[in-house]
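For reference, the chains in residue letters:
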Amino acid sequence: MKTEHKTHYCPSKEELSNWYDNGGDDTIKDHLEVCAPCDETVGFYKKVDETVCYVSAAPDYLATDIAEACRNLERETLAFPLWARLARIAAVAAVVVSVAAAVHVMTAPGDGADTRLVIGGESSGNTETGVTLAVDEISLNAKPDTVADLNPVTVTDIRPVSINSTADMSKTQALTRLGDAVRHVWAVDDINLSRVTLLEALPKDVKTHCFSNVSDEKLTFQAAMSDAQLQNFVNTLQAKGWALVTKDFPQPGEINKLKLTGHSVNYRIDLVKKLD
Amino acid sequence: MSDNKDQLSDAEIVERFKQGEHHLFDILVQRYSNKAYQIAYGVLGHREDSEEVAQDVFVRVYKALPKFRGDSEFTTWMYRIAMNLARNKYRYNKSRGANRKISMQETIDDDDKRTLIQVPETRLSPDDQAGLDEYQRNIMREIENLPPLYRDALVLRNIDEMSYEKIAEVLDCKLGTIKSRIARAREELRKRLAR
């Protein structure tokens, strides 16, 4: 019969815990037969174990999803072998060096003032500085018929000018390059219908995509596509009446703020249902 | 070497993977993806995050396997990666205040059609909570709130009743330290749940 109170020979909590996990000491087993508090403690350990095992069971699809992700990894590796990656790095380095050299040539004779490129006629003659590169009569109006009242634009010269120029600097904006992974939250009216919308809007050559966490209230979708495709994808979803909650780029209709490089972006969408 | 792929040992699979039989990696995924998930879940208490971590574990293992020297067992190495990634994610979530409720406002068409979207970021998502009684939910919440050193040892112990020796190896601790941490984790848990 179990006692109601601890006895003076109750094992320590560490001994009880160790016995529960590894067994071995029969005196503890005998003790539990007669000591309710210690028996209760061990019962608690068991309850915790059972709960953790029950709650942390992995979903059925997990292994399949992971195996698929690893196979995609292999395909990517085959598609971009080491030499191709090195060539890409070399190309980027060459571009960086070229740009740096060009900037150096354009700023070298100047007085160190901040400079900007302007197209002829916009700058104040008094504040010009540096080298003037004359480029005569280059027509930029490739399709004059398409825009009413569009006058032919000519570039008469390209020159670096001082920051004090009267040119409208507010129009000069840094472009954003998308990262390798983008996560957006979209709000939709109907989660179930949204699966169809997603598949319809997905660029045709995007073969790798997956859904997860599907319920009536939410859904997660992931796909890999180029940055340009992603911008179009986002535009399409917006056009279908979806509301983009996240403020991160790409934003619908804001392609002019992006620096598109053609790199692959892992796009994750978390869909939530709009509140009535 | 056995021809029955399911009966291959981890060491054999790793060796053959290194020789180019990459398809054998699927067997490792089948065997251990649930373990990686369980470790992540024990630390994070969040289903989606745990799936993400479990996937990340195997992507990293896949990339690093050619350089795996085999000084320790494959599982020890893999569990270490899982534990480290789960801890990183935990810290990341913590720094972002993942326990707080956040609200986001979004203009759909015009100002009259503003939608207020409440995104609850509780540690246990509604899916996770389904099927649990209140006591079980409290257990999971308190495990997550345990001091990380205690929590990690207890979480590993619950992965197929991992031996204390193996836990010590994964966490790079002495056996006595693991015994003590697991006991303290349980005791701390018991005290917190008794309040």
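For the structure, see preceding data.
### Side note on the overall build of chain B
Across its full length, chain B holds nine helices and two strands. Counting all 195 residues of chain B, 51% fall into the buried class. Here chain B has roughly 9,800 Å² of accessible surface; of this, 44% comes from carbon and sulfur atoms.

### Side note on the environment of L199 of chain A
All names here are of chain A. For L199, the location among the structural elements is in helix 6 (residues 191-201). Note: C-alpha distance between L199 and H209 (10 residues apart in sequence) is 9.3 Å. Those residues in contact with L199 that sit more than four places away from it in its chain are H209 and F211.

### Description of the sheet that holds strand 6 (residues 218-226) of chain A
All names here are of chain A. Within the open sheet, the five strands sit side by side as 5-6-8-4-7. Their pairing is mixed. Either end of the sheet is taken by a strand with one partner, and the two such strands are strand 5 (209-212) and strand 7 (243-244). Bridge count for strand 4 (residues 181-188) against strand 8 (residues 264-273) is eight bridges, and the pairing is parallel. Residue pairing for strand 8: V188 is matched across the bridge by K273.

### Some points on the pairing of strand 8 of chain A
Residue and element names in this part refer to chain A. Among the 10 residues in strand 8, seven count as buried, and that is most of the element. Bridge count for strand 6 against strand 8 is nine bridges, and the pairing is antiparallel. For F221, the partnering residue across the bridge sits in strand 8 and is I269.

### Focus on the environment of I39 of chain B
Residue and element names in this part refer to chain B. Here I39 is to be found in helix 2 (residues 25-44). You can call I39 buried: its relative accessible area is 0%. I39 sits 43 residues away from A82 along the chain, and the two C-alpha atoms are 6.7 Å apart. Discounting residues that sit within four places of it in the chain, I39 has contacts with Y79, A82, M83, V155, L156 and I159.

### A word on the interface of chain A and chain B
Contacts between the two partners involve 44 residues from chain A, matched on the other side by 49 residues from chain B. The largest share of the area that chain A buries against chain B comes from F44, V55 and I66 of chain A, three residues that together contribute 13% of it. There are six salt bridges connecting chain A and chain B. E48 of chain B serves as the salt-bridge partner of K218 of chain A, at 2.8 Å between the closest nitrogen and oxygen. Where chain A touches chain B, the interface holds eight residue pairs in polar contact (both at pLDDT 80 or more). Broken down by element, the side of chain A that touches chain B gets its largest block of residues, 11 residues, from helix 3 (residues 36-55) of chain A.

Cut-offs used in this document
Residues numbered from 1 in each chain as written. Chains lettered and ligands numbered in written order. Predicted model: local features only at pLDDT ≥ 70, side-chain atom pairs only at ≥ 80, totals over all residues. Heavy atoms only, no water. Helix = DSSP H or I, 4+ residues; strand = E, 2+ residues; numbered from the N terminus. Buried < 20%, exposed > 50% of the residue type's maximum accessible area, 1.4 Å probe, protein only. Areas by Shrake-Rupley, 256 points an atom, 1.4 Å probe, with all protein chains shown as cover. Contact = heavy atoms within 4.5 Å. Pairing = 2+ DSSP bridges. Buried area = accessible area lost by both parts, 1.4 Å probe. Salt bridge = Lys/Arg side-chain N within 4 Å of Asp/Glu carboxyl O. Polar contact = N/O pair within 3.5 Å; in protein donor to acceptor, adjacent residues only side chain to side chain.

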